[in-house]
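A structural walkthrough
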Amino acid sequence: MINNIFSRLGLLAACTVAAAWLAGCGSTGSTVPGQISDATAPREAVAAAEPAGSSRARTPREYRQDAARHVYARNADRIYSGKLPPMLYAVGVLEVKLDARGQVTGMHWLRAPKHAPDAIAGIERTVLAAAPYPVATRLGSVVWTDTWLWDRSGRFQLDTLSEGQLQQ
């Protein structure tokens, strides 16, 4: 009888741990490994997240176009239209690790604009809020790398789709 109780308690504990682990999978508004801010996706963005379709990209370089278009579509009101000003507030290069379902599993800054922590948080929040990304059907999981060109207004362009920059 005692062994049966302990066996059931062990099974219950294992199920609880498994449920908690599964609840934490994917981008659910929480931070991910590699972030340097505590930015999270707004709850309404996580609740409204719809599948983003798929990408037929054969390489991570080809996938950049699909990921950049996806970010632009989810942030149409925040994209800087036209050529960027000669002096940008922040420029950052970020690697985003995506799983086979298009969920953000990690970030790695190759060049963080540390002079502008608000831009870092804004970029990380934008990345998290845009999930899920297009599923890379030919690649499975993928690392998407892009350069974020950030204006003081909080509007931005991604280098992949940039319209260029004005000269001084």
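Analysis parameters
- Residues numbered from 1 in each chain as written.
- Predicted model: local features only at pLDDT ≥ 70, side-chain atom pairs only at ≥ 80, totals over all residues.
- Heavy atoms only, no water.
- Helix = DSSP H or I, 4+ residues; strand = E, 2+ residues; numbered from the N terminus.
- Buried < 20%, exposed > 50% of the residue type's maximum accessible area, 1.4 Å probe, protein only.
- Contact = heavy atoms within 4.5 Å.
- Areas by Shrake-Rupley, 256 points an atom, 1.4 Å probe, with all protein chains shown as cover.
- Phe/Tyr/Trp six-rings, centres within 6.5 Å; stacked < 30°, edge-to-face > 60°.
- Salt bridge = Lys/Arg side-chain N within 4 Å of Asp/Glu carboxyl O.
- Polar contact = N/O pair within 3.5 Å; in protein donor to acceptor, adjacent residues only side chain to side chain.
- pLDDT = per-residue confidence, 0-100.
- Expected span 1.5 Å × (residues − 1).
- Core = buried A, V, L, I, M, F, W, Y, C linked by side-chain atoms within 4.5 Å.

Attention shifts here to the overall build of the chain. If you tally the helices and strands in the chain, you get four helices and six strands. Along the chain, from the amino end to the carboxyl end, the secondary structure elements read α-α-β-α-β-β-α-β-β-β. A buried classification covers 39% of the 168 residues belonging to the chain. Contacts spanning at least 24 positions in sequence make up 73% of the contacts within the chain whose residues lie at least 6 apart. Carbon and sulfur atoms make up 56% of the accessible area of the chain, which totals about 9600 Å².

Within this structure, the stated rule accounts for five aromatic pairs. Ring centres 5.5 Å apart and planes at 45° place the aromatic pair Tyr133 and Trp144 in the tilted group. Of this pair, Tyr133 sits in the loop between helix H4 (117-129) and strand E4 (135-136) while Trp144 is found in strand E5 (residues 142-150), placing the two residues eleven residues apart along the sequence. Clustering of aromatic rings is evident, with ring pairs tying together Tyr72, Tyr133, Trp144, Trp148, Trp150 and Phe156.

Within the secondary structure, Ala121 is located in helix H4. C-alpha separation for the pair Ala121 and Asp38, spaced 83 residues apart in sequence, amounts to 7.2 Å. Once residues lying within four places of it in the same chain are set aside, the contact partners of Ala121 are Ser37 and Ala39.

Let us look at the pattern of salt bridges. Proximity of charged atoms lets side chains of opposite charge pair with each other. For the structure shown, the criterion picks out five salt bridges. We note a salt bridge from Arg64 to Asp146, for which the minimum N-O separation is 3.8 Å. In this pair, Arg64 is assigned in helix H3 (residues 60-74) and Asp146 in strand E5, connecting sequence segments 82 residues apart. Across the pair Arg64 and Asp159 runs a salt bridge, and its minimum N-O distance is 4.0 Å. Here the residue Arg64 occupies a position in helix H3, and Asp159 occupies one in the segment after strand E6 (156-158), the gap between them amounting to 95 residues. One network of salt bridges, with partners in common, ties together Arg64, Asp146 and Asp159.

What follows covers the side chain of Ser37. Here Ser37 shows up in the loop between helix H1 (2-23) and helix H2 (43-47). Its relative accessible area of 18% is what places Ser37 among the buried residues. Here the side chain of Ser37 touches Ala39 through a polar contact of 3.1 Å, landing on its backbone nitrogen. Polar side-chain contacts of Ser37 include one of 2.4 Å to the side chain of Glu124. Residues within four places of Ser37 in sequence aside, it is in contact with Thr31, Ile120, Ala121 and Glu124.

Taken over all residues, the pLDDT of the chain has a mean of 85, while the share at 70 or more is 78%. Segment residues 12-28 is flagged for pLDDT under 50; beyond a separation of four residues in sequence, or across chains, it makes eleven contacts in the model.

The subject of this paragraph is H4. In an α-helix, one full turn covers 3.6 residues, which means residues spaced three or four apart are oriented alike. Between its terminal C-alpha atoms H4 stretches 18 Å, which fits the 18 Å expected from 13 residues at 1.5 Å a residue. Those residues of H4 that fall on the buried side of the exposure criterion are Ala119, Ile120, Ala121, Gly122, Ile123, Glu124, Thr126, Val127 and Leu128. Where H4 is buried, its residues contact H3, strand E2 (90-98), strand E3 (104-111), E5 and E6.

Turning our eyes to something else, we now look at the nonpolar core. One broad rule of soluble globular proteins: the nonpolar side chains tend to lie buried together. Membership of the largest hydrophobic core comes to 33 residues, with the highest contact counts inside it found for Tyr63, Val104, Val127, Tyr133, Trp144 and Trp148. Among all residues touching Trp148, those that are not within four sequence positions of it are Val71, Ala90, Val91, Gly92, Leu94, Ile123, Thr126, Val127, Phe156, Gln157 and Leu158.

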